[in-house]
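Here are the chains, one letter per residue:
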Amino acid sequence: METDCTYCGCDVERHDPVFVSEGTPDDLTGRFCNYGCLAAHIEEEALATGTTCEWTPSG
Ligand SMILES: [Zn+2]
């Protein structure tokens, strides 16, 4: 399983990983070192604007 951070490309297993899924929990769309990378990714991709996104942090 790939464990590169979706945002910065680091190995998320070395941090406190946050996993993101859209729809079903099995449909993983992103993984991040921590909430900082998640927040930065959301801001950069403007995911928080226009759409209602559902993400499930785990771990
Ligand atoms: Zn990262």
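Predicted model only: the values in this text are computed from it and were never measured. (Residues numbered from 1 in each chain as written. Predicted model: local features only at pLDDT ≥ 70, side-chain atom pairs only at ≥ 80, totals over all residues. Heavy atoms only, no water.)

**Observations concerning the overall build of the chain**
If you tally the helices and strands in the chain, you get 1 helix and 2 strands. Counting helices and strands in the order they occur from the N terminus, the chain gives β-β-α. For the chain, the proportion of contacts with a sequence separation of at least 24, taken over those separated by at least 6, is 42%. (Helix = DSSP H or I, 4+ residues; strand = E, 2+ residues; numbered from the N terminus. Contact = heavy atoms within 4.5 Å.)

**Some details on the coordination of the zinc ion**
Protein coordination at the zinc ion: the donors are Cys5 (SG), Cys8 (SG), Cys33 (SG) and Cys37 (SG), at 2.3 to 2.4 Å from the metal. Coordination at the zinc ion is tetrahedral, judged from the 4 donor atoms that bind it and the angles of 103 to 115 degrees they form at the metal. Summarised as a motif, the one-chain spacing of the donors to the zinc ion is C-x2-C-x24-C-x3-C. With Cys8 in the segment before β1 (18-21) and Cys33 in the loop between β2 (28-32) and α1 (35-45), the pair connects residues that are 25 residues apart, well separated along the chain. A relative accessible area of 37% means that Cys8 is categorised as partly exposed. (Donors = N, O, S within 2.8 Å, 3.2 Å for Na, K, Ca; no water. Tetrahedral: all angles 85-135°; square planar, octahedral: opposite > 155°, others 65-115°. Buried < 20%, exposed > 50% of the residue type's maximum accessible area, 1.4 Å probe, protein only.)

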